[in-house]
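Residues per chain are reported as follows:
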Amino acid sequence: HTHLNYKLGLTLQNRTSEALTPAAAARDEFQEELVIRPLHSGDIYASFQFRTLWDTDFLQEGQKVSHYRLFPKSLGQVLSKFSVRELHISFTQGFWRTMQWGQPFIPSPPGAELWVWFHDTVSDVDGNWKELTNVLSGIFCASLNFIDLTNTVQPSASFKPLGLGNATDHRFLRYATLPREIVCTENLTPWKKLLPCGSKAGLAVLLKSEKLFHSSFHSQAVHIRPVCQDEQCTSKAWELRQTLNVVFDLYTAGQGKKEWSLFKMFSRTLTEACPLATSSKVYVDITDNPELSPATPLLSQAVVLGDRRTYSVFDLTRAETFGQLRSLNLLLRWKGDGEMLRPLLHAERYVAGFGLQTGEIHTVIYNNHPYRAFPVLLMDSVPWYLQLYIHTLTVTSKSRDNKPSYIHYQPAKDRHRPHLLEMLIQLPPHSMTEVTVQFERALLKWTEYTPDPNHGFYVGSSVVSALVPSMVAMNTNFTQDQPLFSSFVPVKEESSYFVRVYTEPLLVNLPTPDFSMPYNVICLTCTVVAVGYGSFYNLLTRTFQVDEPSLPLAKRLANLIRRIRGVPLLT
Amino acid sequence: MAAPLTLLLIVAVTIRAVLFRSSWAELISERVEVVSPLNAWKRVVEGLALLDLGVSPYSGDVFHETPFMIYLFHFVVDYAEIVFMVSPGLVFCLSRFLTSLYLFRKQKYALESDRYPADCLELLRSPKEMFYIPLKVAMFYLLNPFTILSCVAKSTCGLNNAIIALFILCTLKGSALLSGILLALATYQSIYPLTLFAPALLFFLQRLYIPVNLRRSSFWFFTLQYAFIYVGSLVVITGLSFFLLGSWDFIPSVYGFIFSVPDLTPNIGLFWYFFAEMFEHFRLFFICVFQINVFFYTIPLSIKLKEHPVFLIFMQIAIISIFKSYPTVGDVALYMAFLPAWSHLYRFLRNIFLVSCVLLACSALFPVLWHLWIYAGSANSNFYYAITLLFNFGQILLVSDYFYAYLRREHHLTHGLYLKKKDGTEATLVLK
């Protein structure tokens with residue numbers, strides 16, 4: 001509390017000092033929001049977004065930014081030191097079930113994912129990338145130091161910048177994913193520390209790790225990018241979005257009853273908005289008419305992910321939201337079953353085959369649109385120890401061959417870089433497209449296996465990116481008070497929206513040598529080589545002689561004495 | 001003679017054609033004993049597919065063939081089966097020349113010169129015995145299950161064997177130019193035939209009656225000529241490969257790969273498990289040791305066998321096949337094809353029964369233990385490794401046995417067949 005008061009005091013001081021010195025620190029603002037959406041399977045989806053906008057230029061030469069207020073200093077220093085233009089990092093526990101839950105607001109693959117666009121001025125991108133991953137590993141307490149050149153790729157088309165910038169030179173893009181990374185409280189705590197109010201006020205008080213990790217899906221992410229402040233883009237700002245998506249399971253957290261409350265989900269209620277926030281809102285999705293209490297007259301409609309939905313809005317900056325008890329505990333009772341909008345794009349992936357020698361990766365992409373066909377970009381990054389054979393690549397839709405119009409393939413170099421396969425596939429309407437490619441499993445050196453080699457090796461998720469035709473007109477207007485969940489991905493045209501779907505990561509077993517045998521193997525192999533050497537040495541250096549048997553010892557001694565005596569020798 | 005050979009040829013082609021069309025072809029081309037990362041057909045197709053996609057085949061780590069192979073298969077990829085059937089035919093041609101030209105001539109000279117002791121006549125082969133040797137050599141190569149497997153798998157090892165066979169053919173015919181060019185081609189394909197330079201040189205020197213004396217200028221003159229042909233053609237071939245793809249990428253991909261053994265796919269050789277279990281610290285040292293092991297038998301063997309260059313060629317090919325970094329059964333089949341040419345050594349072989357049992361048992365156990373390790377999961381890599389050790393041990397025993405028998409026959413030819421000790425009783429010969 002005292003800490004908060006201190007911060008408030010500082011804010012007031014800054015405001016007054018701003019009035020005196022107009023050319024003072026740049027303006028920054030903070031907004032927070034929470035979206036609660038009941039899902040058709042009975043689970044409940046909560047999506048937190050915390051956005052900080054700051055009018056400054058990290059990448060300007062000579063002018064070092066030193067006065068941080070709402071924007072976390074650790075991230076600001078990272079941006080300026082490594083000349084980062086865009087940074088997206090996410091930590092996910094669990095897999096998003098698109099067919100049961102619909103599309104998420106912010107998609108993310110299981111494990112850790114990091115993709116960064118560097119500025120054009122960077123000369124050694126790989127060096128910057130290596131240092132950046134190590135610094136981020138420290139900031140987020142995650143083992144991002146396992147990201148190295150063997151699992152980093154440079155996608156040529158799949159990861160275009162989400163913020164400003166028209167550079168398309170993919171030499172400055174790096175993408176890496178760690179499917180094996182586990183997310184826990186240790187990662188949540190430093191993430192919460194980056195928020196201006198910490199976890200002391202506003203929506204962040206709900207982020208308690210005992211409840212958040214007792215869920216089906218948990219994903220926390222940080223997205224930093226440069227954005228336009230207004231429609232004409234006269235001024236630019238840096239946007240930092242911290243997002244946290246969580247899906248609470250009906251049976252483990254909800255005890256099987258389709259009744260949810262903030263207290264049941266987070267074991268906390270909301271008491272106040274963050275004092276540093278200009279806007280603090282809770283949106284509850286009431287399109288399918290659940291029972292919501294306390295009722296609120298504020299309603300809002302938004303078109304997001306091709307779907308028009310109605311939301312009840314609770315504005316936490318207004319004192320009357322909290323009622324007489326000074327606390328807000330939303331109660332949601334889910335009645336009946338409405339019709340879920342079937343996700344138009346969905347993808348699955350699995351490994352086929354048996355044995356430890358070969359296998360096949362099958363990626364299945366579903367287009368559920370009844371009459372429109374649209375192209376999707378599929379990106380696959382496969383580690384080097386699964387040797388892909390690109391001549392076995394087949395793409396079939398509706399049991400007919402479907403040739404991709406663009407293929408970018410970069411084969412792997414052993415122990416240096418992974419395979420990268422990007423394809424543009426046209427999906428026919430209402431169809432299933434299957435992409436298969438064969439691979440061979442390599443035998444690695446015994447030191448290259450993890451301590452649990454029979455667990456298997458992870459292959460990162462495939463990324464399917466597409467502009468899906470929308471049934472409902474999307475909103476292309478740029479307004480400042482758009483809800484955050486609808487402004488994450490810039491909407492360029494009315495008739496389609498951008499969707500990124502991540503498939504399951506794969507777990508593949510490799511043949512293993514016997515780890516207890518290095519000394520034995522060296523001895524035995526050298527023995528066989530020595531046998532060869534010995535036989536050849538004998539045959540090369542010795543000659544055939546008639547075998548004269550040698551006398552026994554007694555006779556030899558006798559011969560010695562006889563020689564001295566000068567007497568004929570024994571034979 | 002022509003009739004049995006034609007019949008043999010028809011039988012061999014039929015077997016291969018039948019297997020090509022059956023479902024076994026797919027299975028055989030996946031077997032690690034038959035194909036290696038250097039000569040698998042799947043990788044050739046992959047390299048050509050990468051070229052079609054606009055990516056250099058050498059940018060990844062899948063394709064390790066020389067640009068000559070890209071050039072060849074770019075045109076004949078649809079007729080690959082025919083190409084692979086032609087190559088054993090070349091080896092078969094060799095067999096005829098090997099025996100008819102060389103051995104006949106040598107035997108004739110021996111009989112005429114009368115320089116052998118009287119009781120050695122039974123050691124010399126009569127023309128009647130030698131009449132069937134070409135047929136036997138052809139049979140040993142064409143009907144050898146190893147060769148059939150290698151051919152059906154479309155492993156480029158068959159093509160490499162054909163080039164080596166052509167080289168030996170040209171050497172025996174006495175054409176130094178062609179021999180040098182073909183040796184350069186064989187070396188370009190895989191580095192190890194470099195060691196065949198010494199026996200070829202010795203053969204030519206023997207043929208031209210130039211004594212192998214380092215002080216003589218005639219020796220150096222011919223050596224330099226032959227070396228010039230060889231090195232020159234090698235340079236020309238390498239230069240042409242550069243112009244095919246416009247880069248030197250193929251050198252680390254092909255030769256760097258052969259020498260540094262980064263791929264540890266199991267095969268019938270000694271390298272893979274050894275380097276899978278090697279301590280990182282010693283890896284470079286042992287790579288050097290194992291690679292030197294292939295090359296350093298050349299000089300001692302050349303000194304010992306300087307009067308018998310054809311047997312030296314056999315020994316060198318055998319050593320390459322056993323100790324190279326990625327051996328396959330196709331390499332084994334090449335030196336086994338020579339064995340009937342030395343069928344007269346049979347009486348001096350000591351371990352032939354043991355060796356043949358070991359080799360047969362190992363050949364049968366390879367697929368069994370592979371299946372148990374990779375598919376059933378009830379055995380581990382040690383089982384397959386043990387059979388690898390045994391197979392190589394059997395091969396080493398075979399080669400050293402033939403070497404022993406050859407040297408012993410030479411000894412008997414100079415000292416007489418039935419040797420007696422000082423007191424008149426029958427003597428035994430030992431190596432001392």
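In the nomenclature of an unreviewed UniProt entry, chain B is known as Phosphatidylinositol glycan anchor biosynthesis class U protein-like of Cyprinus carpio. Chain B has a UniProt comment under Pathway (unreviewed entry) that states "Glycolipid biosynthesis; glycosylphosphatidylinositol-anchor biosynthesis." Database annotation for chain B, UniProt heading Subcellular location (unreviewed entry): "Endoplasmic reticulum membrane".

By the naming in an unreviewed UniProt entry, chain A is GPI transamidase component PIG-T-like, taken from Cyprinus carpio.

Next up on the list: the overall build of chain B. Helix and strand counts for chain B stand at 20 helices and 1 strand. Against the 2.2 N^0.38 benchmark of 22 Å for 432 residues, chain B shows a C-alpha radius of gyration of 23 Å, consistent with a compact globule. Overall size of chain B, expressed as C-alpha extent along the three principal axes, is 75 × 55 × 55 Å. Counting across all 432 residues of chain B, residues that qualify as buried make up 57%. Contacts spanning at least 24 positions in sequence make up 76% of the contacts within chain B whose residues lie at least 6 apart. For chain B, the distance from the average position of its 30 positive side-chain charges to the average position of its 24 negative side-chain charges is 12 Å.

Residue and element names in this part refer to chain A. This structure, assessed with the given rule, holds 27 salt bridges over all chains. Put simply, Arg37 and Asp285 hold a salt bridge, and the shortest N to O gap is 3.6 Å. One end of the pair, Arg37, is in strand E1 (residues 28-38); the other, Asp285, is in strand E10 (residues 279-285), with 248 residues separating them in the sequence. With a relative accessible area of 2%, Asp285 lands in the buried category. Across the salt bridge formed by Glu239 and Arg51, the nearest N and O atoms sit 2.9 Å from each other. Taken as a pair, Glu239 in strand E8 (residues 236-248) and Arg51 in strand E2 (residues 44-54) lie far apart in primary sequence, 188 residues in all. On the basis of relative accessible area, Glu239 is assigned to the buried category, the value being 2%. Among the charged side chains, a network of salt bridges with common partners joins Arg37, Asp285, Asp288, Asp307 and Arg309.

Moving on, we come to a nonpolar patch on the surface. Together, A:Leu553, A:Leu557, A:Leu560, A:Ile561 and A:Ile564 make up a nonpolar patch on the protein surface, roughly 550 Å² of accessible area in all. You can see A:Ile561 is positioned in helix H9 (residues 553-565).

Working note: regular strand, side chains alternate between the two faces of the sheet. Residues and elements named next belong to chain A. For E2, the buried fraction is high: 11 of the 11 residues fall into the buried class. By the alternation rule, side chains of E2 split into Ile44, Ala46, Phe48, Phe50, Thr52 and Trp54 and Tyr45, Ser47, Gln49, Arg51 and Leu53, which are all buried. Across 11 bridges, E1 lies against E2 in antiparallel orientation. Within E2, the position partnered with Glu29 by the bridge is Leu53. Remark: 5 residues form the turn of the hairpin made by E1 and E2, two consecutive strands paired antiparallel; Gly42 in that turn has positive phi of roughly 100 degrees. In this structure, E2 lies alongside E8, joined through 11 bridges in antiparallel fashion. Pairing of Tyr45 across the sheet is with Val247, part of E8.

The rules we used
- Residues numbered from 1 in each chain as written.
- Chains lettered and ligands numbered in written order.
- Predicted model: local features only at pLDDT ≥ 70, side-chain atom pairs only at ≥ 80, totals over all residues.
- Heavy atoms only, no water.
- UniProt positions renumbered as here; feature names shortened; annotations may be inferred.
- Helix = DSSP H or I, 4+ residues; strand = E, 2+ residues; numbered from the N terminus.
- Rg over C-alpha atoms; globule rule 2.2 N^0.38 Å.
- Buried < 20%, exposed > 50% of the residue type's maximum accessible area, 1.4 Å probe, protein only.
- Contact = heavy atoms within 4.5 Å.
- Lys, Arg positive; Asp, Glu negative; His and termini not counted.
- Charge placed at Lys NZ, Arg CZ, Asp CG, Glu CD.
- Salt bridge = Lys/Arg side-chain N within 4 Å of Asp/Glu carboxyl O.
- Patch = residues over 30% accessible without salt bridge, like charges linked within 9 Å, V, L, I, M, F, W, Y side chains within 5 Å.
- Areas by Shrake-Rupley, 256 points an atom, 1.4 Å probe, with all protein chains shown as cover.
- Pairing = 2+ DSSP bridges.

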